[in-house]
Amino acid sequence: MKTQVAIIGGGPSGLLLSQLLHTRGIDSVVLERKTKDYVLGRIRAGVLEQGLVALMEKAGCADRLHAEGIPHEGTWISYGDEMFRVDFTEHTGKLVMVYGQTELTSDLYKAREESGGKFEFNVEDVAIHSADTDAPHIDYIVAGEARRLDCDFIAGCDGFHGVSRQSIPLDVRKEYEKVYPFGWLGVLSETPPVNHELIYANSPRGFALCSMRNENLSRYYIQCSLSDKPDDWTDEAFWQELKRRIPVYQAETLVMGPSIEKSIAPLRSFVTEPMRWGNLFLCGDAAHIVPPTGAKGLNTAASDVNYLFDGLCDFYENASTDGIDTYSEKALARVWKAERFSWWFSSLMHTYPNQSEFDLKMQVAEIEYLRSCTSAQRSMAENYVGLPY
Ligand code: FAS
Ligand code: PHB
């Protein structure tokens, strides 16, 4: 089989790129390790920057997002029983859209299927060949049959555990990593959200986050030990712990109910450089990971896709390699700003083992500074709504 752009990974990065390329008549094939239902069953991001909303509009996939997404003009930060609001719109004139990654990915699959998108699901043994030449190809197996995909370019959209990053020689790539000493236990429940906006909570017992998907579907997280397993936590234990970490007057109004999804995500900051090797381009989690505190994971994948899409269009429409030659540099410049914000916000809101009394005082002073200082709130707002592409 031959295509112009071979895309490894059928998550949001791969699908968004494939659909955008389709709008410009550029052919692609998406190779996905799992089934579509498995991909759609993963509960992940919930907050979209306006840049990602604009890309979904450009891809012709934003109708349901605009109909069902919830615009948020600010967020709440709590520490102990104190709570204050950071107003995104007051400081930046922008807002974010609360709309689950699952829904976004579903919208992209629907658009690709309606426009004849080419997929291979349940692919195994994906192997990238000759990426550093003008004739790269991918070998893979489907249902026991060996197949080959020849292409001009390969987009590695296969996430942190994918094959693409590993295909870049070790003497070419440099990796940067910070692993956090805790995880996030997340619960989805068919209950009304405790607040109509998000609450990021710092408490002596650990971080908590109150989020949502719609007016009767709430998403909650509590910081947990890396040794915890979801089954270690009954629903009752989860709700009681969450109530201890948010202000009393919010805990009193919390509507609890059975969890319909419960999972634990480890937290890490990770970047690999460069994000290009020959005609292989890394996008999204294949190249970088952020702790979800700043809601930057999916949104930084989007800016990668934006830069790569522009570069590929420049190549096919204007025979120019300027866009693809500057892809890695441009993408990394924004990636590192997202890494900084996510690390800063995670350092501010979580409890760390062996935190000294002084460390705790610094955390409270930083939160107090954010509460009381307009420029500190503007800085947070600018990063949260998304820095320019
Ligand atoms: P993805 O990992 O989503 O998709 C990669 C795809 O490639 C997968 O479908 C995988 O099956 C496939 N694949 C892997 N190896 C392959 C191979 N060899 N061949 C073919 N296909 C292969 N971000 C937020 O902003 N907020 C959050 O709350 C949040 N929560 C998260 C929770 C978890 C558990 C994880 C892991 C991530 C979370 N993220 C969150 C980040 C997440 O949203 C990612 O940023 C987003 O999924 C990135 O999308 P992709 O780059 O497409 O990678
Ligand atoms: C979510 O709703 O899943 C969510 C929202 C904001 C975050 C992380 C996760 O920072």
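What counts, and where the lines are drawn
Residues numbered from 1 in each chain as written. Chains lettered and ligands numbered in written order. Predicted model: local features only at pLDDT ≥ 70, side-chain atom pairs only at ≥ 80, totals over all residues. Heavy atoms only, no water. Salt bridge = Lys/Arg side-chain N within 4 Å of Asp/Glu carboxyl O. Helix = DSSP H or I, 4+ residues; strand = E, 2+ residues; numbered from the N terminus. Buried < 20%, exposed > 50% of the residue type's maximum accessible area, 1.4 Å probe, protein only. Expected span 1.5 Å × (residues − 1). Arc of directions from axis to C-beta. Phe/Tyr/Trp six-rings, centres within 6.5 Å; stacked < 30°, edge-to-face > 60°. Lys NZ or Arg CZ within 6 Å of the ring centre and 35° of its normal. Pairing = 2+ DSSP bridges. Domains from an automatic or database assignment. Contact = heavy atoms within 4.5 Å. Buried area = accessible area lost by both parts, 1.4 Å probe. Polar contact = N/O pair within 3.5 Å; in protein donor to acceptor, adjacent residues only side chain to side chain. Core = buried A, V, L, I, M, F, W, Y, C linked by side-chain atoms within 4.5 Å. Near = heavy atom within 4 Å. Areas by Shrake-Rupley, 256 points an atom, 1.4 Å probe, with all protein chains shown as cover. Nonpolar A, V, L, I, M, F, W, Y, C, P; charged D, E, K, R; others polar.

Remarks on the pattern of salt bridges
This model, assessed by the stated rule, comprises 25 salt bridges. Note that Glu 317 and Arg 24 form a salt bridge whose closest N and O atoms lie 2.8 Å from each other. Linking Glu 317 in helix H9 (residues 297-318) with Arg 24 in the loop between helix H1 (12-23) and strand S2 (28-31), this pair joins segments that are 293 residues apart in sequence. Residue Arg 24 is classed as partly exposed on the basis of its relative accessible area of 41%. Its salt-bridge partner being Lys 118, residue Asp 27 comes within 2.7 Å of it at the nearest N-O pair.

Side note on helix H12 (residues 357-372)
Between its first and last C-alpha, H12 extends 22 Å over 16 residues, near the 22 Å set by a 1.5 Å rise per residue. Within the sequence span of H12, burial applies to Gln 363, Ile 367 and Leu 370. Relative to the axis of H12, the buried residues are bounded by an arc of 60° and lie together on one face. Seen from the buried face of H12, the exposed residues on the opposite side, beyond 90 degrees, are Glu 357, Phe 358, Lys 361 and Ser 372.

Here's the deal with the packing of aromatic side chains
Given two aromatic rings, their pairing is described by the distance between the two centres and the angle made by the two planes. Tallying each qualifying case throughout the model produces 25 aromatic pairs. Ring geometry for Tyr 200 against Phe 207: centres 6.4 Å apart, planes inclined by 40°, an arrangement best described as tilted. When the centroid spacing of 4.8 Å and the interplanar angle of 50° are considered together, the rings of Tyr 200 and Phe 345 count as tilted. One end of the pair, Tyr 200, is in strand S14 (residues 199-202); the other, Phe 345, is in helix H11 (residues 327-349), with 145 residues separating them in the sequence. Phe 345 carries the same exposure label as Tyr 200, and that label is buried. Ring pairing ties together the aromatic residues Phe 88, Trp 184, Tyr 200, Phe 207, Tyr 221, Phe 341, Trp 344, Phe 345 and Tyr 384, which thus form one cluster. Over the aromatic face of Tyr 38 sits the side chain of Lys 34, whose NZ or CZ is 4.7 Å from the ring centroid.

Observations regarding the sheet that holds S2
Judged by pairing direction, the sheet is mixed, and its six strands sit side by side in the order S8-S2-S1-S12-S19-S18 without closing on themselves. The open sheet terminates on both sides in strands that have one partner only, identified here as strand S8 (118-120) and strand S18 (276-277). With two bridges joining them, S18 and strand S19 (residues 280-282) adopt antiparallel strand pairing. Each bridged residue has a counterpart across the sheet, and for Trp 277 the counterpart in S19 is Leu 280.

Here we look at the domain arrangement of the protein
Looking at the protein, the domain boundaries give domain 1 (5-72 + 96-177 + 268-345) and domain 2 (181-267 + 352-385). The distance between the C-alpha centroids of domain 1 and domain 2 comes to 29 Å. With 24 residues of domain 1 at the contact, the number on the domain 2 side is 21 residues. Roughly 1,900 Å² of surface becomes buried between domain 1 and domain 2 when both sides are summed, with 65% attributable to carbon and sulfur atoms. Of all residues in domain 1, the largest losses of buried area upon contact with domain 2 belong to Ile 43, His 72 and Trp 344, amounting jointly to 27% of the total for that side. Summed over the shared surface of domain 1 and domain 2, the result is zero salt bridges. In this structure, the connection of domain 1 to domain 2 is made through seven residue pairs in polar contact (both at pLDDT 80 or more). Elements represented by at least two residues in the side of domain 1 that touches domain 2 include exactly strand S4 (70-72), strand S7 (96-98) and H11. Counting residues per element, the side of domain 1 that touches domain 2 draws most heavily on H11, which supplies five residues.

A few points about the nonpolar core
Core analysis: the biggest nonpolar cluster contains 65 residues, and Leu 16, Leu 48, Met 56 and Ile 138 have the highest contact counts within it. Apart from residues lying up to four places away in sequence, Ile 138 is in contact with Ala 6, Ile 8, Leu 31, Val 126, Ala 127, Arg 147, Arg 148, Leu 149 and Ile 154. With 32 residues, the next largest nonpolar core counts Tyr 79, Tyr 221, Trp 344 and Ile 367 among its residues.

Concerning the sheet that holds strand S6 (residues 82-87)
Spatial strand order, S6-S5-S14-S15-S16-S13-S17-S20: eight strands in an open sheet with mixed pairing. With one partner strand each, in any of the chains shown, S6 and strand S20 (288-289) form the two edges of the open sheet. In terms of strand pairing, strand S5 (residues 74-79) meets S14 through four bridges, oriented parallel. Across the sheet, residue Ser 78 finds its bridge partner in S14, namely Ala 201.

Things to note about the pairing of S14
Residues Ile 199 and Ala 201 point to one face of S14 and Tyr 200 and Asn 202 to the other, with burial holding for every one of them. As defined by bridge partners, S14 adjoins strand S15 (residues 208-214) across three bridges and the pair is classed as antiparallel. Of the residues in S15, the one forming a bridge with Ile 199 is Cys 210. Between the end of S14 and the start of S15, which pair antiparallel, lie five residues, with Gly 206 showing a positive phi angle near 125°.

Examining the site of ligand 1
The immediate surroundings of ligand 1 are formed by 30 residues, with Ser 13, Glu 32, Arg 42, Arg 44 and Gln 101 found nearest. Interatomic distance of 2.7 Å between a side-chain N/O atom of Arg 42 and an oxygen atom of ligand 1. Surface burial for ligand 1 is 86%, taken as the share of its 1,000 Å² of free accessible area covered by protein chains. Taken together, the residues of the shell around ligand 1 break down into 14 nonpolar, eight polar and eight charged.

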